[in-house]
Amino acid sequence: MSHLKPNSHLKDEVTPEKLYISRRKFIAGVSAVAAASFLTACARQNKGQTSTTSNPTAFCDGATASVATDELGNNLTSCNDVTNYNNYYEFSFNKEDVASLASNFKTSPWMVMVGGLVNKPGTFSIDQLIKKYKPEEHIYRMRCVETWSMVIPWSGFALARLLNDVQPKPEAKYVKFQTLLNTSQMPGETNSSFPWPYVEGLRLDEAMNNLTILATGLYGKPLPPQDGAPIRLVVPWKYGFKGIKAIITIDLVADMPSTFWPAISSSEYGFYANVNPNVPHPRWSQAYEQRFGDGVIPTLMFNGYDKVASLYDGMDLTKYY
Ligand SMILES: Nc1nc2c(c(=O)[nH]1)N[C@H]1C(S)=C(S)[C@@H](COP(=O)(O)O)O[C@H]1N2
Ligand SMILES: [Mo]
């Protein structure tokens, strides 16, 4: 999509022209009117493609998950969709090009430095992390701020375990994550319209919540490059952009870090980025989402992970978006 202007990218993407509308089933209970107008907007730019799975890769041969649905009964998104429709601006603005453009990304050797306001900073290889923290399957819904969503079987471990081991100091209030900066491997990072490297952050209590994981795999296999290999963050009650890929540093810090999307447009993207159907993006509603393979469904507060609500007691979530 060479015509894409840096500041119009999400506008283009909220009408994800290549979603496979023909395969979509409507779920009972969605207002037909709301769903119809939603789909009209999306269909406008449909270029006639019926599936994102036109380039299935070997990755999905033998892909495994222990269950077919999440705890709410939502179907898992197919492995081919999870690995062929990706947001990863270091490689491409075009979600269907990421898998091939990232296919040679070098993810080994890879070290993750964990430091900042901690008593026991450390640098860990992926093998060390896997050996120590023994990733397990976590089935999570992922809701992109652009309104598409998936249900993904990750392999990962609680970030809290790693953070506890490095011993945050009392002054540590936030966790800051950074993606690899390497323009020869990640051509998108030469685009000076963006504040590279990709940085994300969480409040320390959010980072310590047991739903927050570092993922090293999906569908029973090590992460493929397009989904964030060798290690990425997954915070299931927040919009997908919080799930930073290809992490090289994790720092405990005192102040709220400046993060990638709010730095680009603070009126459109906030630090918290909790999924909230009641707070529209300035350019589109967040009330509904397009679930891969399952059509248009209502978006749930906190993406259906209600237990995190207490993290935000007393906060006006229309202000802290
Ligand atoms: N480094 C990096 N991490 C990133 C992104 C990115 O462009 N660069 N995109 C984010 C967005 S907007 C989403 S929706 C998810 C998509 O994850 P997936 O491609 O594995 O589905 O990754 C997030 N992590
Ligand atoms: Mo996203």
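Residues numbered from 1 in each chain as written. Chains lettered and ligands numbered in written order. Predicted model: local features only at pLDDT ≥ 70, side-chain atom pairs only at ≥ 80, totals over all residues. Heavy atoms only, no water.

Caption draft 1: Region of interest: the pattern of salt bridges. Counting across every chain of the model gives 10 salt bridges. When the shortest N-O distance is used, the salt bridge between Lys-132 and Asp-165 registers 3.2 Å. With a gap of 33 residues between them, Lys-132 in helix α5 (residues 126–133) and Asp-165 in helix α6 (residues 159–166) connect regions that are remote in the sequence. Close ionic contact of Glu-268 with Arg-283 constitutes a salt bridge, the shortest N to O distance being 2.6 Å. Remark: Arg-283 occurs in the loop between α8 (260–264) and β11 (288–291) and Glu-268 occurs in the loop between α8 and β11; sequence separation between them is 15 residues. Relative accessible area serves as the criterion here: at 17%, Glu-268 is assigned to the buried category. Judged by its relative accessible area of 31%, Arg-283 falls in the partly exposed class. Through salt bridges with shared partners, a single network forms among Asp-70, Glu-71 and Arg-141. (Salt bridge = Lys/Arg side-chain N within 4 Å of Asp/Glu carboxyl O. Helix = DSSP H or I, 4+ residues; strand = E, 2+ residues; numbered from the N terminus. Buried < 20%, exposed > 50% of the residue type's maximum accessible area, 1.4 Å probe, protein only.)

Caption draft 2: Focus on the site of ligand 1. As a matter of local geometry, ligand 1 sits amid 17 residues, with Tyr-89, Glu-90, Asp-227, Gly-243 and Lys-245 nearest to it. Between ligand 1 and Tyr-89 there is a distance of 2.8 Å, counted from an oxygen atom to a backbone nitrogen or oxygen. Here Thr-179 contributes a side-chain N or O atom positioned 3.0 Å from a nitrogen atom of ligand 1. Across the shell around ligand 1, the residue classes tally to 8 nonpolar, 5 polar and 4 charged. (Near = heavy atom within 4 Å. Polar contact = N/O pair within 3.5 Å; in protein donor to acceptor, adjacent residues only side chain to side chain. Nonpolar A, V, L, I, M, F, W, Y, C, P; charged D, E, K, R; others polar.)

Caption draft 3: Focus on the environment of Gly-62. Along the chain, the position of Gly-62 falls in the loop between α2 (32–43) and α3 (79–84). For the pair Gly-62 and Lys-221, spaced 159 residues apart in sequence, the C-alpha separation works out to 9.0 Å.

Caption draft 4: Broad picture of the environment of Tyr-321. Positionally, Tyr-321 belongs in the segment after β12 (295–298). Looking at Tyr-321, the relative accessible area reads 30%, which means it is partly exposed. Through-space distance from the C-alpha of Tyr-321 to that of Phe-271 is 7.0 Å; in sequence the pair is 50 residues apart.

Caption draft 5: Local environment of the packing of α5 against α6. In contact at an axis separation of 11 Å, α5 and α6 are set at 100 degrees when each is read in the N-to-C sense. Of the possible angle classes, the one that applies to α5 and α6 is roughly perpendicular. Within the contact between the two elements, α5 uses Leu-129, Lys-132 and Tyr-133 and α6 uses Arg-161, Leu-162 and Asp-165. In the contact of α5 with α6, the residues fall into 3 nonpolar, no polar and 3 charged. (Axes fitted to C-alpha atoms, helices over the stretch in contact; angles between N-to-C directions. Parallel < 35°, antiparallel > 145°, perpendicular 65-115°, else oblique. Contact = heavy atoms within 4.5 Å.)

Caption draft 6: Here's a closer look at the packing of aromatic side chains. Enumeration according to the criterion identifies 24 aromatic pairs in this entry. Centre to centre, the rings of Phe-105 and Trp-110 are 5.8 Å apart; their planes meet at 70 degrees, and the pair counts as edge-to-face. Per residue, the accessibility class of Phe-105 equals that of Trp-110, and both read buried. Centroid distance Phe-194 to Phe-260: 6.0 Å. Interplanar angle 10 degrees. Geometry classified as stacked. (Phe/Tyr/Trp six-rings, centres within 6.5 Å; stacked < 30°, edge-to-face > 60°.)

Caption draft 7: Representation of the state of the cysteines in the model. Taken as a whole and judged by the stated rule, the model has 1 disulfide. Each sulfur in the disulfide pair Cys-60 and Cys-79 lies 2.1 Å from the other. Of note, the bridge from Cys-60 to Cys-79 carries an S-S torsion of about -80 degrees and is left-handed in sense. Linking Cys-60 in the loop between α2 and α3 with Cys-79 in helix α3, this pair joins segments that are 19 residues apart in sequence. Like Cys-60, the residue Cys-79 is buried in the burial classification. (Disulfide = S-S within 2.5 Å.)

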